[in-house]
Amino acid sequence: MCLGIPGRIVEIRDDGGLLMGKVDFGGVRKDACLAYIPEAQLGDYVIIHVGFAISRVDEDEALKTLEILAAMGDLMQTELATMGPGMDAPAVVSDDGGPAGGVFAAPATGAPGGPA
Amino acid sequence: MKYLDEYRDPVLAGKLVAEIHRITTRPWTLMEVCGGQTHTIVKQGIDEALPEGVRMIHGPGCPVCVTPLEQVDKALAIAARPDVIFTSYGDMLRVPGSTTDLLALKARGADVRIVYSPLDALKIAVANPDRQVVFFAVGFETTAPANAMAVAEAARRGIDNFSVLVSHVLVPPALVALLESPTNQVQSFLAAGHVCAVMGWTEYEPIAAKYRVPIVVTGFEPLDLLEGILMAIRQLEDGRHEVENQYVRAVRREGVPPAQKQIFEVFEVGARKWRGIGEIPASGYRLRGKYARFDAELRFSVGDIHTQEHPACIAGAILTGEKTPLDCTAYGTLCSPQRPLGAPMVSSEGTCAAFHSAGRGLAGLRTGSPAMPLLQIAPIPPARSAGTAEVSR
Ligand code: SF4
């Protein structure tokens, strides 16, 4: 229920006073209510959640995010090559208890978690 | 599929992991709020690829898991009536009530139907004018626009044999409840991208400021989550506590105003019980008085029912991040996705089910094959490639 997935609008229609449409998810087409994204156009990508478009996917932003990620990789490789030992060991710890050992065995101090 | 596959690229994931390792100097505890995010994090092994000491606590953002037992029992009482067609999102069918669940009730002859959208429940009501059609309106702010529209449409089109059993919960009050808890360990939140797509993030700004916690609005794909974690750790390392938006392609600061307008036309904010947590003031939606005739609780006079959780189930501690499923004696033995004891094992977004489907801690009692973690395909580039490396600190 809780997953919203991006799809492309392939049909827009008025369904007895309600803005509806068909949305294509990589070949699978489903009816969806477009009432909350009235500015959506044919061909736009929207996030569909329980049959409703709840957001329009900004194509430029989507591409930008990927470009930044790709570019950061190269910068990072250079940076990595000049850097001393970091926290580079893959973690053993996460959800199966507290920090396992090493420099992080001690509990965090100065945590900004509590009410201030 | 476009806008999905690009955000699962293992090479980019490896780069993000390396960057996270590079900037992290201290242990940090983060919480991803949404069950969909938990599912990705556990399935892809993202939490296990993080630097030592960086811990992901899995948040309470699974609506199936937090729907209180009372509401499930009310659903069961209504669904058992012969004049009722009970409709629900599929995930709710196997949520255990105190004696049975909707699926078992259906097997015994009750008319229980899974719908994908609340508008499908409305269609069923139109097609069955001589029956009562009830929709189980659960969820966070993401399903609220849909559920509100179904009620508004029923009113507009005079579909009087339709009603809703409401159990709507809100994210910001839950974050405050967690932060106020004396056992809180969370230092930063990854906020749920789609909740913020609808509501925007202005509600989170005072929380970030008051409790000095960085909050990063984050998407659901592996790269989104890794970038969200990176942004959160960067803030923590810098000593900042702002609301930042990782999920720029889908979330704007103001959200989707027409959806908010519809929500507040139909619903008002009220206290809600959360399964495993208890009552949180102003933490959910209930129908406004002018839509009371669509309230299934009033229509079928289902009173309050008080019931006990299974004694072994530690769902409450899991929802607040104090414990993990591996701490539960029933995990994988008495309790499995096939026979769930508690709600976090029911929905695939629940923490217990996410652990189970990834095969966590099931060695020896493993039933299914664990998912292949993305990050195994993309080994983490070690930061110690330079000649300066390997010196002890
Ligand atoms: S594993 Fe089952 S019994 Fe244990 S906490 Fe999770 S849902 Fe409850």
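Residues numbered from 1 in each chain as written. Chains lettered and ligands numbered in written order. Predicted model: local features only at pLDDT ≥ 70, side-chain atom pairs only at ≥ 80, totals over all residues. Heavy atoms only, no water.

Observations concerning the confidence of the model for chain B
All names here are of chain B. Heads up, the condition is: Confidence scores here are pLDDT values: one per residue, from the predictor, ranging 0 to 100. Contacts are residue-level and defined by heavy atoms, with any inter-residue pair within 4.5 Å sufficient.
Looking at chain B, the pLDDT average stands at 87 and 90% of residues meet or exceed 70. Of the regions scoring below 50 in pLDDT, residues 366-393 engages in 53 contacts with residues more than four places distant in sequence or in other chains. In the model output, the complex is listed with pTM 0.79 alongside ipTM 0.82.

Comments concerning the state of the cysteines
All names here are of chain B. Quick note on the threshold: Count a disulfide wherever a pair of cysteine sulfur atoms falls within 2.5 Å. Burial classes: relative accessible area under 20% of the type maximum marks a residue as buried, over 50% as exposed, and values in between as partly exposed (1.4 Å probe, protein chains only).
Scanning all chains against the criterion turns up one disulfide over all chains. C62 shares a disulfide with C65; S-S distance 2.5 Å. The chirality of the disulfide connecting C62 with C65 is right-handed, given an S-S dihedral of about 70 degrees. With respect to burial, C62 and C65 carry one shared label: buried.

Describing the pairing of strand β5 (residues 132-139) of chain B
All names here are of chain B. Definition in use: Runs of E in the DSSP output that reach at least two residues are strands. Runs of H or I that reach at least four are helices, and both are numbered from the N terminus. Should DSSP find at least two bridges between two strands, the strands are taken to pair.
The buried fraction of β5 amounts to seven of the eight residues, a majority that puts the element mostly inside the structure. In the sheet, β5 pairs with strand β6 (residues 162-169) via seven bridges, with the strands oriented parallel. Each residue of the ladder has a partner; that of V133, found in β6, is F162.

So, the nonpolar core
All names here are of chain B. The criterion, for reference: Here the nonpolar core consists of buried residues drawn from Ala, Val, Leu, Ile, Met, Phe, Trp, Tyr and Cys, with membership extended through side-chain atoms lying within 4.5 Å. For the purposes of this description, domain bounds are those given by an automatic or database domain assignment.
Residues I78, F86, F162, F189, Y204, I215 and I229 are the most contacted members of the largest nonpolar core, which totals 143 residues. Residue contributions to this core peak at nine residues, all from helix α11 (residues 222-238). Three or more residues apiece are contributed to this core by two domains, here domain 1 (1-307) and domain 2 (315-357). With residues near it in sequence (within four places) discarded, Y204 still touches V171, P172, L175, A191, V195, C196, I215 and V243.

Focus on unusual backbone geometry
Positive phi, close to 45 degrees, is recorded for A282 of chain B, a residue that is not glycine. Assignment of secondary structure puts A282 of chain B in strand β11 (residues 278-287).

Brief notes about the sheet that holds strand β9 (residues 243-245) of chain B
Residue and element names in this part refer to chain B. Under the convention used in this document: The axes used here are C-alpha line fits, helices contributing only the stretch in contact, and every angle between their N-to-C directions lies in the interval 0 to 180 degrees.
Strand order in the open sheet formed by five strands is β2-β1-β7-β8-β9, with parallel pairing between adjacent strands. Two strands close off the open sheet at either side, each with one partner strand: β2 (54-61) and β9. Along the sheet, successive strands turn relative to each other by an average axial angle of 25 degrees, direction set aside. With six bridges joining them, strand β1 (residues 28-34) and β2 adopt parallel strand pairing. From the neighbouring strand, T29 faces β2, where its bridge partner is R55. Sheet strands in contact with helix α2 (residues 35-43) are β1, β2, β7 (188-192) and β8 (215-218), and its direction is about 125 degrees off that of β1.

Overview of helix α8 (residues 171-180) of chain B
Most of α8 of chain B sits inside the fold, with seven of its 10 residues counted as buried. All of the buried residues along α8 of chain B are V171, P172, P173, A174, L175, L178 and L179 of chain B.

Here we look at the pattern of salt bridges
The cut-off we apply is this: For this analysis, a salt bridge means a side-chain nitrogen from Lys or Arg found within 4 Å of a carboxyl oxygen belonging to Asp or Glu.
A complete count under the given rule lists 27 salt bridges over all chains for this structure. When the shortest N-O distance is used, the salt bridge between R29 of chain A and D24 of chain A registers 3.2 Å. D24 of chain A sits in the buried class, given a relative accessible area of 12%. In this structure, the salt-bridge partner of D224 of chain B is R249 of chain B, at a minimum N-O distance of 2.8 Å.

Regarding the sheet that holds β11 of chain B
Residue and element names in this part refer to chain B. Taken in spatial order, the six strands make up an open sheet running β4-β3-β5-β6-β11-β10, and their pairing is mixed. Lying at the two open borders of the sheet, with one neighbouring strand each, are β4 (111-114) and β10 (267-274). With strand direction ignored, the average angle separating the axes of adjacent strands in the sheet is 25 degrees. Where β10 meets β11, seven bridges bridge the pair, whose relative direction is antiparallel. For G270, the partnering residue across the bridge sits in β11 and is G284. Those strands touched by helix α6 (residues 118-127) are β3 (84-88), β4, β5 and β6, and its axis lies near 175 degrees from that of β5. Each of β10 and β11 touches helix α12 (residues 257-266); the most contacted strand, β10, lies at about 75 degrees to it.

What about the site of the ligand?
Note the following rule: Whether a residue is near a molecule or strand is decided by its heavy atoms; if any one of them lies within 4 Å of it, the residue is near. Polar here means any residue other than Ala, Val, Leu, Ile, Met, Phe, Trp, Tyr, Cys and Pro, which are nonpolar, and Asp, Glu, Lys and Arg, which are charged; Gly is therefore polar.
Around the ligand, the surrounding shell holds 13 residues, and the nearest of these are C313, I314, C328, C335 and C352 of chain B. Taken together, the residues of the shell around the ligand break down into 12 nonpolar, one polar and no charged.

What to know about the packing of aromatic side chains
All names here are of chain B. We apply this condition: A pair of aromatic rings is counted whenever rings of Phe, Tyr or Trp (Trp by its six-membered ring) have centres within 6.5 Å, and the orientation is called stacked for planes under 30 degrees apart, edge-to-face for over 60 and tilted otherwise.
Under the definition given, this model contains seven aromatic pairs over all chains. With 5.8 Å between their ring centres and 85 degrees between their planes, F264 and Y285 make a pair best called edge-to-face. Separated by 21 residues along the polypeptide, F264 in helix α12 and Y285 in strand β11 bring together distant segments of the chain. Under the relative-accessibility criterion, F264 is labelled partly exposed at 33%. Y285 sits in the buried class, given a relative accessible area of 2%.

Brief notes about the confidence of the model for chain A
Residues and elements named next belong to chain A. On average, residues of chain A score 67 in pLDDT, and 54% of them reach the 70 mark or higher. By mean pLDDT, the top-scoring element of chain A is strand β5 (residues 52-56) (94), and the lowest-scoring one is helix α1 (residues 59-81) (60). Confidence over residues 75-116 falls short of pLDDT 50; this stretch has 96 contacts with residues more than four positions distant or in other chains.

A look at the domain arrangement of chain B
All names here are of chain B. For clarity, the threshold we go by: Put simply, buried area is the surface a 1.4 Å probe can reach on two separate parts but cannot reach once they are joined, added for both. Polar contacts here mean pairs of N or O atoms no more than 3.5 Å apart (in protein, one a potential hydrogen donor and the other a potential acceptor; neighbouring residues in sequence count only if both atoms are side-chain atoms).
What the domain assignment reports for chain B is domain 1 (1-307) and domain 2 (315-357). Facing 24 residues of domain 1, the contacting portion of domain 2 comprises 22 residues. Between domain 1 and domain 2 the total buried area reaches about 1,800 Å² when both faces are included, carbon and sulfur atoms providing 63% of it. Considering only the side of domain 1, the residues that lose the most area to domain 2 are H39, C65 and R94, jointly responsible for 28% of the buried surface there. Taken together, the connections running from domain 1 to domain 2 amount to zero salt bridges. Linking domain 1 to domain 2 there are two residue pairs in polar contact (both at pLDDT 80 or more). When residues of the side of domain 1 that touches domain 2 are traced back to their parent elements, those giving at least two are α2, β2 and α3 (63-66). When residues in the side of domain 1 that touches domain 2 are grouped by element, the largest group, five residues, is from α2. Here the residues of the side of domain 1 that touches domain 2 are counted per class, giving 13 nonpolar, eight polar and three charged.

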